[in-house]
Amino acid sequence: RKEDSPDHYRCENEEKNLSVFYTNADSLLNTMSELEHILNDVGQRPHVVAVTEYKSKTKIICSMAEYQLQGYNMFHNMDDKKCRRGVVMYVEKSMQANQIEVITDFCESVWVRIVLNSGEHCILGCIHRSPNSTEENNNYLLTLINEVCANLRENEKIVIMGDFNLPDIDWHLMKSRSTNGFSTSFVDVVQDNYLNQMVAEPTRARNGQAANILDLL
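Residues numbered from 1 in each chain as written. Predicted model: local features only at pLDDT ≥ 70, side-chain atom pairs only at ≥ 80, totals over all residues. Heavy atoms only, no water.

Draft legend 1. Here's a closer look at the overall build of the protein chain. If you tally the helices and strands in the protein chain, you get 3 helices and 12 strands. When the 217 residues of the protein chain are sorted by exposure, 46% land in the buried category. Within the protein chain, contacts between residues separated by at least 24 positions form 57% of all contacts whose residues are at least 6 apart in sequence. Summed over its atoms, the accessible surface of the protein chain is roughly 11,600 Å², and 45% of this surface lies on carbon and sulfur atoms. (Helix = DSSP H or I, 4+ residues; strand = E, 2+ residues; numbered from the N terminus. Buried < 20%, exposed > 50% of the residue type's maximum accessible area, 1.4 Å probe, protein only. Contact = heavy atoms within 4.5 Å. Areas by Shrake-Rupley, 256 points an atom, 1.4 Å probe, with all protein chains shown as cover.)

The following block contains the structure:
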C-alpha cells in the first residue's frame, strides 16, 4: 500500500467460486500484521492473495520464511536475478496450484496455474512495472502478456493483476491521454488479447496530484 491509496482490491467470481485479493505493500515485512488483520476482517479469506513490492527499498537481508502467510502456499520471484521490489502470490492450501516458469526478460512477475472448484484451470499473473521502466523492459512486458495469452490451454481462464504505473491511460475510453507510445501499445495488447480491465476508480492519489488508476486487474 502506498500513501493515500486504497488499502486493497478484491475481486470475486461467484460462478467459478474464486476470490482474489491484491495489494501493493511497499515493504511487506512492515505491513504483514496489517495484511493478516485485513484478511481476517473481510470474512471469508480469499483464495488468492497477490502482493507487489513486497521487498523494502532499502537492502534488508531476510528469508522468504518471514513472508509466509498462514493457510497459504507461497509463490514468488525472489530467486530471479531481475527481482528488485518483488512479487509474491499466496494460494489457499486447499487449492491445487503450481508456479509456471515463464521464460521472459521482463522484470518482476509471478505466474501460477490453479484448478477451480469447477475443474477448470486458471492462470493467475501478478506484475509490477516500475515507473522508471526502460523502453526495452516495456517491450518485454508487451511480449510477455502476448505470449502467455497465446499459450493458454483450451478453455483456460486468465487473470492478470498488479501495479503497472500507467497514469495516462483513460480506461473508460481505452486510449492514452498523452503521446506516450507505450501506453498506446499497452492498450492495444489488452484489446488484442480480449482482456477486460476491471478497475474503474483511481487507485493512487498523493501530495495534491491527480488521482490515477495505476493498479490494474
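Draft legend 2. Broad picture of the sheet that holds strand β6 (residues 97-99). Pairing in this open sheet of 5 strands is mixed, and the strands run β6-β7-β8-β9-β12 from one edge to the other. Edge positions in the sheet fall to β6 and β12 (215-216), since each of these pairs with one other strand and no more. (Pairing = 2+ DSSP bridges.)

Draft legend 3. Structural context of the nonpolar core. Counting 24 residues, the largest nonpolar core has Trp 111, Leu 141, Phe 164, Trp 171 and Phe 186 as the members making the most contacts within it. Every element with two or more residues in this core is listed here: β8 (121-128), α2 (135-150), β9 (157-163) and α3 (181-192). Counting residues per element, this core draws most heavily on α2, at 6 residues. In this structure Phe 164 touches Ile 127, Arg 129, Leu 141, Phe 186, Leu 214 and Leu 216, once residues within four positions along its chain are discounted. With 18 residues, the next largest nonpolar core counts Val 20, Val 48, Met 89 and Val 110 among its residues. (Core = buried A, V, L, I, M, F, W, Y, C linked by side-chain atoms within 4.5 Å.)

Draft legend 4. Here's a closer look at the pairing of β8. With 7 of its 8 residues buried, β8 lies for the most part within the structure. Both strand β7 (residues 109-115) and β8 contribute to a ladder of 7 bridges, which runs antiparallel. Counted as the bridge partner of Val 110 is Cys 126 from β8. Sheet topology places β8 next to β9; 7 bridges connect them, and they run parallel. Residue Ile 127 lies in a different strand from β9, and its bridge partner there is Gly 162. In this view, the connection linking β8 to its parallel neighbour β9 by way of α2 has right-handed handedness. (Right-handed = clockwise from strand over helix to strand, strands pointing away.)

Draft legend 5. Inspection of the packing of aromatic side chains at higher detail. Inspection of every chain in the model, using the stated rule, returns 4 aromatic pairs. With a centroid separation of 6.1 Å and 50° between ring planes, the pair formed by Phe 182 and Phe 186 is classed as tilted. Taken together, the residues span about one helical turn, with Phe 182 and Phe 186 both in helix α3 at a distance of 4 residues. For the pair formed by Phe 182 and Phe 186, the shared burial category is buried. (Phe/Tyr/Trp six-rings, centres within 6.5 Å; stacked < 30°, edge-to-face > 60°.)

Geometry only, nothing functional implied.
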